[in-house]
Amino acid sequence: MLYEIWCDRFRTGGKDGQIRPPIRFHAGLNAVLGTQTRSNSIGKSTFLMIIDYVFGGIDYLDSDAHIFVGEHEIYFTFRFGDTMHRFCRKTIEKDVVYLCENCSWAEEEARLERIRLNEENAKDAPALLEHDLNPYVLTDETLKVDEYCKFLFNEYRIESENISFRNIVGRYFRVYGRPNHDEHQPLHNTPREKDSEAITALQRLFGETQQIKDLKANEKEKAEEKKAYKAAQKYHLVRHITTKKALKQATEERDKLQEELNDLIRSKDREVEQADLSRSDEAAAINRKLAALRRNRSRLKSQLEALYINIDGHTAVTRGDIRDLAFFFPDVNIVELQSIEDFHQRLRAVLESEMSEERAQLQSSIDNLDAEIRALEEQYRSLGIPTRLPTPFLQNYSDLTMRINDLNAQIDSFQKNKDVDDAHKAAAAALKAAQEKELPRIAGEINAQMVRISDEILGPEREAPRLDLKDGKSYTFGTSTNRGTGNNYKNLIIYDLSILTKTDLPAFIHDSFLLTDIGDTPTGAIVKQYIKTEPSGKQVFIALDKTKSYGEETDKDLNDHQVLYLSEDGNELFGWSWDHKTGEN
């Protein structure tokens, strides 16, 4: 869990005042408290944003603090088991996390004891060691933020699959300035995220079944196949027919041309059979075999050539071509043209890979036919009958064959397009059927937990929020009666508490704006719920202004779990206020 945060720019008594000691945390509720007068611009939200930063976020770099305080370093420690893992993030390097020297929990306790005894001027106080007052000793090692988040994922022993650490915690770190606090869309990480993506993240956090994983992968594969085939048709890499009327016309034309080709072959067969009447029986037998083999070879050869024409017949557009185009048309969008050409090249590569096996099979069949034809031609020559065919016959034969092959390709593409569509529809239907069984189970667990928590906060007579995941493409959340702002935020808080207790989520953050419009009595009950998370070892970070209206018991609960108190006139987080109010701060 997060153990402490320290920064030499955290001050009291002004910008150049005394450096604050490390801010330490514990399991359960960790409260950042403000004043009775609810002062703004003192650093409550900023500090919560820093907590998000040490959990691998980046939104802190867009905050006022980063602008007005300037470059600074945030040092922090996580405790996992018996090891204290120390790190540093510099605001000038958002993608890097610096590793500091680690120590054991026993060593940390001994360090704190030495400091305590020296501060109390105890007679038997041991001498402080070199790094007792500042244990953050940078090493030469660094991690990319993604690698650091993987470290946290593993150390928190999160068992969810196919989801990143930030995709888990980022959704539940609700701080002013971050885009994830829509009380009607608690699953969303950002407002622009699709409902289906938010639902998928929730499924994976709960532990997606292998069946759902396989069905989603299959549906995605079929969707991409459909998209690729449509693109191939769009860019004319595949000849295609789009209507049944055009299919009928193409089929009739193909059949007519095929009959012409058959007549041409039959007429030539008759000419060759009369070449030598004295040996007509033997010549006719060989000729029939040769004619059949040649027809078969021509058909296979045409198919093979069609494959090469579809792929290799395309002339690639070079970057030099595009630069030449830019010379004559300076306003042309070169990046867009290159992007389109790059897509063409990738698509051609995919299609060529799929056709390679078919081309190999065709070539093998043609080679076998060539061997048979050569053997029969040798027998034919021994009879004194010529084996070469006249040029007009060959030209006519080639023209008819290519036209037939082109029509066959169009006819086949119509069926292929139907097959691709049907396969995607079947995959989507299978996924939907499985989702209709899986999603109600997840929603049922969450809803049951929200009822329990709501009953403890408001009593069983009040309606608890309800989550409906529908078919996995959209969802609804909230209560059917009270839709006021305070009640909606209360629902959001209950949802987060439910997720914390039912999943591997290690922590969440609730900024003060979530609690401001909730009544005093429910707020006190919510604080109790925060405190109840302590036995789990998980952490809740909140910001809230002190107020006597909450009552003595809630006031005591907040004070007992306070980790930082901020106020005006030098007790702001950084010791001063830049007087640039942005709402909550």
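Analysis parameters
Residues numbered from 1 in each chain as written. Predicted model: local features only at pLDDT ≥ 70, side-chain atom pairs only at ≥ 80, totals over all residues. Heavy atoms only, no water. Salt bridge = Lys/Arg side-chain N within 4 Å of Asp/Glu carboxyl O. Helix = DSSP H or I, 4+ residues; strand = E, 2+ residues; numbered from the N terminus. Axes fitted to C-alpha atoms, helices over the stretch in contact; angles between N-to-C directions. Left-handed = near helix turned anticlockwise from the far one by under 90°. Contact = heavy atoms within 4.5 Å. 1 Å grid on protein atoms, 1.4 Å probe; cavity = no way out; pocket = protein on both sides within 12 Å on 5 of 7 lines; lining within 4 Å. Points joined across faces, edges and corners; volume = space filled by probe spheres on them. Nonpolar A, V, L, I, M, F, W, Y, C, P; charged D, E, K, R; others polar. Phe/Tyr/Trp six-rings, centres within 6.5 Å; stacked < 30°, edge-to-face > 60°. Buried < 20%, exposed > 50% of the residue type's maximum accessible area, 1.4 Å probe, protein only. Lys NZ or Arg CZ within 6 Å of the ring centre and 35° of its normal. Parallel < 35°, antiparallel > 145°, perpendicular 65-115°, else oblique.

Enumeration according to the criterion identifies 23 salt bridges in this entry. Notably, a salt bridge pairs D132 with R114, separated by 2.8 Å at the nearest N-O pair. With D132 in the loop between α3 (105-119) and β10 (138-144) and R114 in helix α3, this pair connects stretches of sequence that are 18 residues apart.

It is worth spelling out the packing of helix α15 (residues 520-531) against helix α16 (residues 552-560) at this point. Relative orientation of the contacting elements α15 and α16 amounts to 35°, with a least axis distance of 10 Å. The chirality of how α15 crosses α16 is left-handed. For the pair α15 and α16, contact is made by G524, V527, K528 and I531 and by E553, T554, D557 and L558, respectively.

In this model, the second largest pocket occupies a volume close to 700 Å³. When residues of the lining of the second largest pocket are traced back to their parent elements, those giving at least two are α6 (195-206), α7 (210-234) and α12 (391-458). Counting residues per element, the lining of the second largest pocket draws most heavily on α7, at six residues. In the lining of the second largest pocket, the residues fall into four nonpolar, five polar and 11 charged.

Taken as a whole, this structure holds 32 aromatic pairs when the rule is applied. For the ring pair F55 and F78, a centre distance of 5.3 Å and an interplane angle of 85° mean the geometry is edge-to-face. In this pair, F55 is assigned in the loop between α1 (44-54) and α2 (64-69) and F78 in strand β6 (residues 73-80), connecting sequence segments 23 residues apart. Ring centres 5.8 Å apart and planes at 25° place the aromatic pair F76 and F87 in the stacked group. Highlighted residues: F76 in strand β6 and F87 in strand β7 (residues 83-90), separated in sequence by 11 residues. Under the relative-accessibility criterion, F76 is labelled buried at 0%. Here R86 stacks its cationic end above the ring of Y136, 5.5 Å away from the centre of that ring. When the ring centre of Y53 is taken as reference, the NZ or CZ atom of R89 above it lies at 3.8 Å.

For the rest of this paragraph, the subject is the packing of helix α13 (residues 485-502) against α15. Helix-helix packing is described using two parameters, namely the angle between the two axes and the distance between the axes. Viewed as axis vectors pointing N to C, α13 and α15 meet at an angle of 15°, and their least axial separation amounts to 11 Å. In terms of axis orientation, α13 runs roughly parallel to α15. In the crossing of α13 with α15, the sense of the turn from one axis to the other is left-handed. On α15, the residues touching K490, I493 and L497 of α13 are I526, Q529 and Y530. When grouped by side-chain class, the residues that make up the contact of α13 with α15 number four nonpolar, one polar and one charged.

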